[in-house]
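This is what each chain is made of:
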Amino acid sequence: MSIKLRPLGDRLLLKRLEDEQTTPGGIVIPDAAKEKPSRGEVIAVGEGKALDNGQIRPLTVKVGERVLFGKYAGTEIKHEGSEYLIVREDDVIAVLES
Amino acid sequence: MSIKLRPLGDRLLLKRLEDEQTTPGGIVIPDAAKEKPSRGEVIAVGEGKALDNGQIRPLTVKVGERVLFGKYAGTEIKHEGSEYLIVREDDVIAVLES
Amino acid sequence: MSIKLRPLGDRLLLKRLEDEQTTPGGIVIPDAAKEKPSRGEVIAVGEGKALDNGQIRPLTVKVGERVLFGKYAGTEIKHEGSEYLIVREDDVIAVLES
Amino acid sequence: MSIKLRPLGDRLLLKRLEDEQTTPGGIVIPDAAKEKPSRGEVIAVGEGKALDNGQIRPLTVKVGERVLFGKYAGTEIKHEGSEYLIVREDDVIAVLES
Amino acid sequence: MSIKLRPLGDRLLLKRLEDEQTTPGGIVIPDAAKEKPSRGEVIAVGEGKALDNGQIRPLTVKVGERVLFGKYAGTEIKHEGSEYLIVREDDVIAVLES
Amino acid sequence: MSIKLRPLGDRLLLKRLEDEQTTPGGIVIPDAAKEKPSRGEVIAVGEGKALDNGQIRPLTVKVGERVLFGKYAGTEIKHEGSEYLIVREDDVIAVLES
Amino acid sequence: MSIKLRPLGDRLLLKRLEDEQTTPGGIVIPDAAKEKPSRGEVIAVGEGKALDNGQIRPLTVKVGERVLFGKYAGTEIKHEGSEYLIVREDDVIAVLES
């Protein structure tokens, strides 16, 4: 699904994934109230983090990966009728490997 | 449209774009109250961000691109009867690719 | 126990260890109320800390080591029915050598 | 108009320009109350910004240019009966090109 | 007037100058209440500002120069019956050239 | 006394020393209430402070040395029935040379 | 007077000097209440300030020099029945040259 929206710098465009209750192999997060992190799929990534020395460090997270990120992180946007979230890579705490 | 106003450093001069409700391919932001980011077109860009090591890093956003930026970012100005906004590149979260 | 969850950057995935009361050679932390640090086992480690100069500095803590970390550090997550904690390496104050 | 007052470092000496209401080609800022930036002419510039690596980076703004700067920026001084303002270059958001 | 007191690092030893009301060529600061900067003469200067890279950057302000500095800057001291002020060079906003 | 607990990074493992009242050559700290620093013996030291440039700077304080450190510094832990303190080297203000 | 107490890093060990009222050539600080800085003699100096690049920059203040320092700076300690103060070099504002 190619999307005509390019996150800038060290930001990622995410599609939220349901906080599944119980799945055979997925994440179990019944009590979302307890500040548990949220899950999302990476739709697009920025060009990287601009460093003080002028270099750009590419992001480690890849398009298509599913990630865990801080509950209150990021900015919500709507594009072509769908909701997305733009977060900084530093807000991503882990990658869920399939 | 050349404008006789040059933003300084890592700043951009933007012309606000309407927060369209629904468009075939544009951004849908009905509930502006929900802190959704704003949209604008880049009219002029500064020479770049001055780094601690003396280099100037050019901006990645180009004149003519449409961008998403933080709702409360920037400073409003009026020039030749039109309203503009001056924001720092770091306030721009994504570029809308046509 | 391989787990399909990769902590990002300078973060560690920990499994909490009981705050044993008294053991022949273990840690004695009877009055947990006195802000004593918590204990955990390292399940997975991130790729390292991204430095300003573009380098990645590997973490010093290894998978399988038991560590002491600040009582309020980290983010709790649930994965495949088990509780884990994701902390930054800087929150780890010591390694318990067997 | 040479003035015997040399701003230090990354500072500029400005002469405030009237916030013209409407001019054929000037800036229109009728509702000054809405935090719109102020305008001024650059009278003198400091030697540049001292960087951590010991270099001095010259300022980009030149004597004689007209600039837009933050409403509350700078320090007011009086010299030979006239009012001036001393601001840091970082407070200048744009240059008005004639 | 040599004084047996050496300011340290990026500090200056100043002798306050009267906030003259009106002089043919001097500074006019009638309403001191309006936070106008103060004036002083440089009596002694420190060896320079210690930079993160180990270098010492000499100060740009010279002994004997008259300067403008922030109203609330510096520390007052008395030495051999006279009052002086010790300020950091960064608090000096301009040099009054005779 | 070798202890199976390795402090991490720029941290030290200390054993608190009594705040002796008066000793022929020791420290006299009768009024502990007056925020006087505490004393301790260095039991173990971390590998060093991780610098921004990727280097690790070894600690200057050695195992076996007696040190003065800030009254409220560090985290208390219990290990094999004994109380210890883990502090950052920057909290140590002086070394007591025998 | 050699003392068995070595200040760490960029710290100095000072012996407070009386805030003399009036002396033929000394410092006059009658109204100590007016936040005037305190005076002290340097008894011992640390090895220097650890810089981000791994270097240690030696201190500029020498043993035996008399210095002016901020009124509320430093930590008080008692050693062999005498009171001392440990301050950071950055708290020292000037050296009194005899």
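Here's a quick rundown of the structure. (Residues numbered from 1 in each chain as written. Chains lettered and ligands numbered in written order. Predicted model: local features only at pLDDT ≥ 70, side-chain atom pairs only at ≥ 80, totals over all residues. Heavy atoms only, no water.)

Secondary structure summary: chain A contains 0 helices and 9 strands in total. In chain A, which comprises 98 residues, the proportion classed as buried is 48%. For chain A, long-range pairs separated by at least 24 residues make up 62% of all intrachain contacts whose partners lie at least 6 apart in sequence. Carbon and sulfur atoms provide 51% of the accessible area of chain A, an area that totals close to 4500 Å². (Helix = DSSP H or I, 4+ residues; strand = E, 2+ residues; numbered from the N terminus. Buried < 20%, exposed > 50% of the residue type's maximum accessible area, 1.4 Å probe, protein only. Contact = heavy atoms within 4.5 Å. Areas by Shrake-Rupley, 256 points an atom, 1.4 Å probe, with all protein chains shown as cover.)

What follows is about the pairing of strand β6 (residues 66–69) of chain D. Residue and element names in this part refer to chain D. Where strand β3 (residues 38–45) lies against β6, 4 bridges are found, and the strand directions are antiparallel. Bridge pairing links Ser38 to Phe69 in β6. Relative to strand β9 (residues 92–96), β6 is paired through 4 bridges, and the arrangement is antiparallel. Paired with Arg66 across the bridge in β9 is Leu96. (Pairing = 2+ DSSP bridges.)

Moving on, we come to the interface of chain B and chain D. Taken together, the contacts link 23 residues of chain B with 26 residues of chain D. Carbon and sulfur atoms supply 52% of the area buried between chain B and chain D, which totals about 2000 Å² over both sides. When residues of chain B are sorted by the area they lose upon contact with chain D, Arg6, Leu8 and Lys78 of chain B head the list and together hold 31% of the total. Where chain B touches chain D, the interface holds 3 salt bridges. The interface formed by chain B and chain D contains 9 residue pairs in polar contact (both at pLDDT 80 or more). Elements with a contribution of two residues or more to the side of chain B that touches chain D: β1 (5–7), β7 (75–79) and β8 (82–88) of chain B. Taken together, the residues of the side of chain B that touches chain D sort by class into 8 nonpolar, 5 polar and 10 charged. Relative to β9 of chain D, β1 of chain B runs antiparallel, the two sharing 3 bridges. Of the residues in β9 of chain D, the one forming a bridge with Arg6 of chain B is Val95 of chain D. (Buried area = accessible area lost by both parts, 1.4 Å probe. Salt bridge = Lys/Arg side-chain N within 4 Å of Asp/Glu carboxyl O. Polar contact = N/O pair within 3.5 Å; in protein donor to acceptor, adjacent residues only side chain to side chain. Nonpolar A, V, L, I, M, F, W, Y, C, P; charged D, E, K, R; others polar.)

A complete count under the given rule lists 0 aromatic pairs over all chains for this structure. One Lys or Arg, Lys15 of chain E, reaches over the ring of Tyr84 of chain E and ends 4.9 Å from the middle of that ring. (Phe/Tyr/Trp six-rings, centres within 6.5 Å; stacked < 30°, edge-to-face > 60°. Lys NZ or Arg CZ within 6 Å of the ring centre and 35° of its normal.)

In this complex, chain F contributes 26 residues to the contact, which on the side of chain G involves 23 residues. Counting the surface lost from both chain F and chain G, the interface buries some 2000 Å², and carbon and sulfur atoms represent 52% of this. Looking only at chain F, the three residues that lose the most surface to chain G are Arg57, Ile93 and Glu97 of chain F, adding up to 26% of its buried area. Our enumeration of links across chain F and chain G arrives at 3 salt bridges. Here Glu65 of chain F ties to Arg6 of chain G by a salt bridge, and the two come within 3.4 Å at their closest N and O atoms. Our count for the chain F to chain G interface comes out at 9 residue pairs in polar contact (both at pLDDT 80 or more).

The pairing of strands in a sheet happens through backbone hydrogen bonds and is either parallel or antiparallel. Across the sheet, 7 strands lie side by side as β7(C)-β8(C)-β2(C)-β3(C)-β6(C)-β9(C)-β1(F); this open sheet has antiparallel pairing. The strands lining the two open edges of the sheet, one partner per strand, are β7 (75–79) of chain C together with β1 (5–7) of chain F. Here the strands of the sheet are splayed against their neighbours by 40° on average, with no regard to which way each runs. The pairing of strand β2 (residues 11–17) of chain C with strand β8 (residues 82–88) of chain C spans 4 bridges and is classified as antiparallel. Paired with Leu12 of chain C across the two strands is Val87 of chain C, which belongs to β8 of chain C. (Axes fitted to C-alpha atoms, helices over the stretch in contact; angles between N-to-C directions.)

Once that is clear, we can look at the sheet that holds strand β9 (residues 92–96) of chain A. The strand order across the open sheet formed by 7 strands is β7(A)-β8(A)-β2(A)-β3(A)-β6(A)-β9(A)-β1(C), and the pairing between neighbours is antiparallel. Looking at the sheet topology across the chains shown, the edges are occupied by β7 (75–79) of chain A together with β1 (5–7) of chain C. Averaged over neighbouring strand pairs, the angle between their axes works out to 40° when direction is ignored.

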